[in-house]
Every structure is written in structure tokens, then in C-alpha cells.
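So the chains spell out like this:
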Amino acid sequence: MAVGSMNVEEGTKAFPAKLTFQVFLCCVIAAVGGLMFGYDIGISGGVTSMDTFLLDFFPHVYEKKHRVHENNYCKFDDQLLQLFTSSLYLAGIFASFIASYVSRAFGRKPTIISASIFFLVGAILNLSAQNLGMLIGGRILLGFGIGFGNQTVPLFISEIAPARYRGGLNVMFQFLITIGILAASYVNYLTSTLKNGWRYSLGGAAVPALILLIGSFFIHETPASLIERGKDEKGKQILRKIRGVEDIELEFNEIKHATEVATKVKSPFKELFTNRENRPPLVCGTLLQFFQQFTGINVVMFYAPVLFQTMGSGNNASLISTVVTNGVNAIATIFSLLMVDLAGRKCLLVEGAIQMTATQMTIGGILLAHLKLVGPITGHAVPLIVLVLICVYVSGFAWSWGPLGWLVPSEIYPLEVRNAGYFCAVAMNMVCTFIIGQFFLSALCRFRSYLFFFFGVMNIVMGLFVVFFLPETKGVPVEEMAEKRWKTHSRWKKYFKD
Ligand code: BGC
């Protein structure tokens, strides 16, 4: 493994550290939290378009779908069906709030273990669901798993990784999200023709949960969490192990100092909302997640099979198309992994916004011209063209707003409010995912192809936001973010005393 005694972030102290196998393993295992999240994102859309699932739980939607003269855009509009997808996120918001306290009081490792147990029980409940109550109950437990996982995993990786590898290791979380989505869409493709195929699809969520559960017994608690809870000796011992060097005093002292400052803040949420100096990262970190969702990505992730069916593709063709778009999503994320510390955050975010604006507008225009209220889509090549455009759109998201929506909020807060600030980003993600999950199909029914123009405009707004309001965080040590970026930014410096 590479040995790094210097920190790439200019101006930061050099802590002796190797990228040890221990650290790598800890990060990979923790990132399996992303696999759970991704599996769930990818499974819902396919399951809600399966006839056997609809017949068992939503027979009225099944009937509507098969009424030949039904309005094309309204086939799947059903509040309960959408609640199946989105209930998880409501539970997730509540759960990540609890997780922010649990992880502070008991450590990151037990919080990650709890995440896997919630997810496992939720998957089992869904696998054996006999009625809608069991189905929704299972999703609420899955939501707890995701809330606990998403709140803790990216911070865990940031704390355990040596500074110079932090960016890349963090993007691994998003990479595993995309692998989860891809695996789920493939599972849906395989199970869609089986009797009760949906049970296997939903039950499959137990696999990432089990991997995380077993794996998490092999991860180390982070030194910062141990030291924060007064376990200095244990913290030192782990630090030595994961850094692969004897000389860890410098880093230990730095963590000790940071935790001393942090523990003076008794109420991080109060500090976050009342101290004006926290306003810039709070606004940027939270808005970044708001915008991440209003790129419209989950319209594609949740409802791609439904969308392809809306355009007249058969069940199977629409599931294959979904596997293709999800494959593109995973591959394009690798590009981000390689580029994020070279090109910088702003460059990727702006490029992604432009790419997504162009494709959303074109898709909107094509649907406007070719998909009327009733009757099949006109033009044989249209579904294929839309598929290609969706792939271009998804790749734009995958190397920009996808990973950076998680990375940037994890690197812009001072330590004392980092957990609380990160919670705001996670909660914003969940609230907006809920809104998209719950209302997209109704919005599609009402606004039809114009909906894609709406997302196109949102992408323009977010691109402009990045240009004018977001400082470039590449290469800046986390603890120097306020000094080097916020205090010198023309729009944010007024929040700081001289
Ligand atoms: C987002 C999810 C999205 C996924 C797609 C994640 O970063 O938070 O909402 O479905 O990326 O890859």
C-alpha cells in the first residue's frame, strides 16, 4: 500500500500515515451502507411496475394500467402506490436525527451495526408481506436502516481515512449506491417474470444488510469518536493500527484539541442555527442536497421502468432499459472518483448542471411532440432516443451532483457543528426524495412533458448557485475552510467578525 507522510492539502500539518489495508477495509465495509441505500432506490421502481405486485397490493392501479384508453401520463398515478416508495424517506429523516445523537453518545460502529439490523428486519418483513400494513411497516424499518447509515457512514469514512485519501474514499459511498441501484435493477429484471417475483426483489435487500452486519464486526471505531468519549488510550491504540505507524502523537493531539473545542459546545444544533458564522456552510451544504434532488434524478431512478412503459415499451424492455441507465450511472461515478481532486468540485457541478439541463429540455420537447394524451408514442426510434438521452443525463449527475451532494457537506463545517450540519444535508436529501417519490407520478399526470422543462430550469438555477455562491473546496483542509474560503468569499464574508 502507498505510504503517505505528507498531506496533499496545501498548508495542512503532515501526519505520518499509510493507506493501510485496515483503513481500506473499514471504508469499503462502511460504504456497504451505500449499497443498502442504492438497492432500495433501484428496487422500488421495478417492483411498482410488476403486474403481480400490483395485483396483490394495488389492484386498482393494475386495472388502470391495462385500460387501453387511459391517459398515457396518468397510468400510475396513485397516492398509496407512491407512499410505498416514499414512506421510507419520512422514517429516514426521523432516524437520521436520532442517529446523530446515538453516534455521538455510543460511537459510529454501533450506529452502523444498528443500521444493518433495521435494514435486515425491514427486508424480512417485506419478503413475507401479506398485506399493505406489513409492506409499509417493512419500508419504515428500511428507512431507519438508511437514516442510521447515511448519517454515519460518510462521517465515519472522513474520520477514519488519512486526509490525503479522504475525497476518493468518500466517493466510494456514492459508488456503492450506484452498484446497489444497478444490482437491484438486474434483480428486478430476473424476477419480473417469476410468480411472486416481487418477494425476491424486496427480500434481496437482506443481502447488503447481512454483508454490512457481518462486516461491521471487523471495522474499528474511529479514533475521534473514542477520544470524544474519553477513551484516549483505546483511541491511540486504534490510531496506531490504522495509520500503520508508531508516531501518531501529532494526529492524536490534533484530534484531542478538536474534540475539546467540540465538547464545549453543549448544543450543536443551537450553535449551528444561532452562530452567524455557521450560516454560509449551512446554506450551501443544505441547498446542495436540495438541488441534488431537484436535478430530477430520482424520477429516473424510481420511475424509469414506469416511464419507459408510459412510452409504450413492454415490461421486459423497460426493465432492460433501466439496467442500461443504471450501468451508465455506476461507470460514470468512477470518473468522479478520479477527477474530484483534480478538476475540483465547482467545475464538475457546473458541467453536470449544463449537461442535465440540455438533456431534460430535449426529453421534454420530444415527449411533447410524440407522446399525446392517449394512444401509442409516435415515431419508432423515439423510445431509443429517449433512452440515450437519459443515459447522457444520468452520467452528468453521476460525476457531479451525485457524489458531491454528499462529499461537500461533509467537508465544509467546523468540527463542533459537523454532525448537526451534516444531519441538515441528510434530512434535506430525505425530505426532497420523499417529495419527488410521493408526487412525481401525480405531477407527471397533471403537467405531462412540461415537468421535464421544470427540472431543466432547476438545473440552470443550481448551476448559477454554484458559480456565485459556492467556494471551491478542493485541496483545502477541512479545519481551515472558514479562514481560507468562507471569510474570503465576497458573498459570505459579511457573516464573520473582522
Ligand atoms: C442520491 C440519490 C440518487 C442516487 C443515484 C444519490 O446521491 O442521493 O437520491 O438516487 O444518488 O445514483
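Shown above is the structure to which this text applies.
No experiment lies behind these values; they were computed from the predicted model shown. (Residues numbered from 1 in each chain as written. Predicted model: local features only at pLDDT ≥ 70, side-chain atom pairs only at ≥ 80, totals over all residues. Heavy atoms only, no water.)

### Overview of the overall build of the protein chain
So the rule is basically this: Where helices and strands are cited, they refer to DSSP runs of H or I of at least four residues and of E of at least two residues respectively, numbered from the N terminus. For a compact globule the rule gives 2.2 Å times the number of residues to the power 0.38, and the radius of gyration it is set against comes from C-alpha atoms. Contacts are assigned to residue pairs with any non-hydrogen atoms lying within 4.5 Å of each other. For accessible areas, the Shrake-Rupley method is used with a probe of radius 1.4 Å. Any residue's cover is judged against the shown protein chains and nothing else. Only four residue types enter the charge count, namely Lys and Arg as positive and Asp and Glu as negative; His and the chain termini do not. Every charge is mapped to an atom, namely NZ of Lys, CZ of Arg, CG of Asp or CD of Glu.
When helices and strands are counted, the protein chain shows 22 helices and 2 strands. Computed over its C-alpha atoms, the radius of gyration of the protein chain comes to 23 Å, within 12% of the 23 Å expected for a compact globule of 498 residues. Taking the principal axes of its C-alpha atoms as reference, the protein chain extends roughly 70 × 50 × 40 Å. When contacts within the protein chain are restricted to residue pairs at least 6 apart in sequence, long-range pairs at least 24 apart make up 80% of them. Counting only carbon and sulfur atoms, one obtains 69% of the accessible surface of the protein chain, whose full area is about 18,800 Å². Side-chain charges in the protein chain split into 41 positive and 31 negative, and the spacing between the mean points of these groups amounts to 3 Å.

### Some words on the nonpolar core
So the rule is basically this: To form a nonpolar core, buried Ala, Val, Leu, Ile, Met, Phe, Trp, Tyr and Cys residues must be joined to one another through side-chain atoms within 4.5 Å. Think of it in three bands: residues with accessible area under 20% of the maximum for their type are buried, residues over 50% are exposed, and the middle band is partly exposed, with areas taken using a 1.4 Å probe on protein chains only.
Formed by 135 residues in total, the largest nonpolar core has its most connected members in F53, I157, L169 and W401. Not counting residues within four places of it along the chain, the set of residues in contact with I157 comprises C27, A30, A31, L169, N170 and F173. A224, L239, V245 and F252 belong to the second largest nonpolar core, which has 7 residues in total.

### Things to note about the site of the ligand
Our working rule: Near residues are defined by distance, with any heavy atom within 4 Å of the molecule or strand qualifying the residue. Counting of polar contacts relies on pairs of N or O atoms within 3.5 Å, with two restrictions inside protein: one atom must be capable of donating a hydrogen and the other of accepting it, and residues adjacent in sequence are counted only when both atoms are side-chain atoms. Residues were grouped as follows: Ala, Val, Leu, Ile, Met, Phe, Trp, Tyr, Cys and Pro as nonpolar; Asp, Glu, Lys and Arg as charged; and all remaining residues, including Gly, as polar.
In the neighbourhood of the ligand, 13 residues make up the surrounding shell, with Q174, Q292, Q293, N298 and W406 lying closest. Side-chain polar atom of Q292 to an oxygen atom of the ligand: 2.9 Å apart, as the coordinates give it. Between the ligand and N329, the relevant distance is 3.0 Å, taken from an oxygen atom to a side-chain nitrogen or oxygen of the residue. Relative to its unbound accessible surface of 310 Å², the ligand loses 100% to contact with the protein. Counting only elements with at least two residues in the shell around the ligand, the list comes to α7 (166-191), α14 (279-293), α15 (297-310) and α19 (401-411). It is α7 that contributes the most residues to the shell around the ligand, 3 residues altogether. Tallied by class, the residues present in the shell around the ligand amount to 5 nonpolar, 8 polar and no charged.

### Considering a nonpolar patch on the surface
For clarity, the cut-off: Here the term patch refers to residues with relative accessible area over 30% and no salt bridge, with like charges joined within 9 Å and nonpolar side chains (Val, Leu, Ile, Met, Phe, Trp, Tyr) within 5 Å. Throughout this description, the term salt bridge denotes a Lys or Arg side-chain nitrogen within 4 Å of a carboxyl oxygen of Asp or Glu.
Together, F21, F24, L25, L210, I214, F217 and F218 line one region of the surface with nonpolar side chains, adding up to about 710 Å² of accessible area. Positionally, F24 belongs in helix α1 (residues 21-48).

### With respect to the packing of helix α11 (residues 232-243) against helix α12 (residues 249-264)
Each pair of packed helices can be described by the angle between their axes along with the distance between the axes. Filter applied, for reference: Only the stretch in contact is used when a helix axis is fitted, and all axes are lines through C-alpha atoms; the angle between N-to-C directions ranges over 0 to 180 degrees. Each angle is binned into one of four classes, with values under 35 degrees roughly parallel, values over 145 roughly antiparallel, values of 65 to 115 roughly perpendicular, and all other values oblique. Less than a right angle of anticlockwise turn of the near helix away from the far helix marks a crossing as left-handed, whereas a clockwise turn marks it as right-handed.
Between α11 and α12, whose axes approach to 10 Å, the crossing angle comes to 135°. The pairing of α11 with α12 is recorded here as oblique in orientation. Remark: the crossing between α11 and α12 carries right-handed chirality. The residues of α12 that touch α11, namely those facing D232, K236, L239, R240 and R243, are E249, E251, F252, I255 and K256. Here the contact of α11 with α12 is composed, by residue class, of 3 nonpolar, no polar and 7 charged.

### Comments concerning unusual backbone geometry
Phi at N196 is positive, roughly 55°, even though this residue is not glycine. By the element assignment, N196 lies in the loop between α7 and α8 (197-203).

### Some remarks on α11
Counted only if it meets this: The length a helix should cover is 1.5 Å for every residue beyond the first.
For α11, which comprises 12 residues, the first-to-last C-alpha distance of 16 Å matches the rise-based estimate of 16 Å (1.5 Å per residue) to within 8%. Against the buried residues of α11 lie β2 (17-18), α1, α6 (132-160), α10 (223-228) and α12.

### Let's talk about the packing of aromatic side chains
Quick note on the threshold: To pair, rings of Phe, Tyr and Trp, with the six-membered ring standing in for Trp, must have centres within 6.5 Å; the planes then decide the type, stacked if under 30 degrees apart, edge-to-face if over 60, and tilted in the middle. Lysine and arginine charges are scored as sitting over a ring when NZ or CZ, respectively, is within 6 Å of the ring centre and within 35 degrees of the ring normal.
Under the definition given, this model contains 29 aromatic pairs. Seen from their ring centres, Y450 and F453 are 6.1 Å apart, and the 50° between their planes marks the pair as tilted. Residue Y450 and its partner F453 are both found in helix α21 (residues 450-469); the two are separated by 3 residues, about one turn of the helix. We classify Y450 as partly exposed; its relative accessible area is 48%. An aromatic cluster of three or more residues is present, and its members are F290, F291, F294, W401, F454, F455, F465, F469, W486, W492 and Y495. Directly above the aromatic system of F84 lies the positively charged group of R139, at a separation of 4.7 Å from the ring centroid.

### Side note on the environment of V323
Structurally, V323 can be placed in helix α16 (residues 315-339). Distance from V323 to F94, taken between C-alpha atoms, is 31 Å for residues 229 residues apart in sequence. Discounting residues that sit within four places of it in the chain, V323 has contacts with L182, S185, Y186 and Y189.

### Structural notes on the environment of P162
Note that P162 resides in the loop between α6 and α7. A sequence separation of 46 residues divides P162 from S116, and the C-alpha atoms of the two residues are 25 Å apart. Other than its neighbours up to four places away in sequence, P162 contacts A17, K18, L19, V23 and R243.

### Comments concerning the pattern of salt bridges
Enumeration according to the criterion identifies 12 salt bridges in this entry. Two residues, R104 and E228, come together in a salt bridge whose shortest N-O distance is 3.4 Å. Of this pair, R104 sits in helix α4 (residues 79-106) while E228 sits in helix α10, and the two are 124 residues apart along the sequence. The salt bridge involving E228 is made with R108; its shortest N-O contact spans 3.8 Å. With E228 in helix α10 and R108 in helix α5 (residues 108-127), this pair connects stretches of sequence that are 120 residues apart. Members of the salt-bridge network, linked through shared partners, are R104, R108, E159 and E228.

### Brief notes about the side chain of T222
Checked against the element boundaries, T222 lands in the loop between α9 (206-216) and α10. Polar side-chain contacts of T222 include one of 2.8 Å to the side chain of E159. Ignoring anything within four residues of it in the chain, the contact list for T222 reads R108, F156, E159 and I160.

### A few points about helix α18 (residues 382-398)
Given a rise of 1.5 Å per residue, 17 residues ought to cover 24 Å, and the 24 Å separating the end C-alpha atoms of α18 matches this to within 8%. By the criterion of burial, α18 is predominantly enclosed, with 13 of the 17 residues buried.

### Thoughts on the packing of α14 against helix α20 (residues 418-447)
Following both chains from N to C, one finds α14 and α20 inclined at 25°, their axes separated by 8 Å at the closest point. In this view, α14 runs roughly parallel relative to α20, as classed from their interaxial angle. With respect to the hand of their crossing, α14 and α20 are arranged in right-handed fashion. Of the residues in α20, those in contact with L282, G285, T286, Q289, F290, Q292 and Q293 of α14 are C424, A425, M428, N429, C432, T433 and I436.

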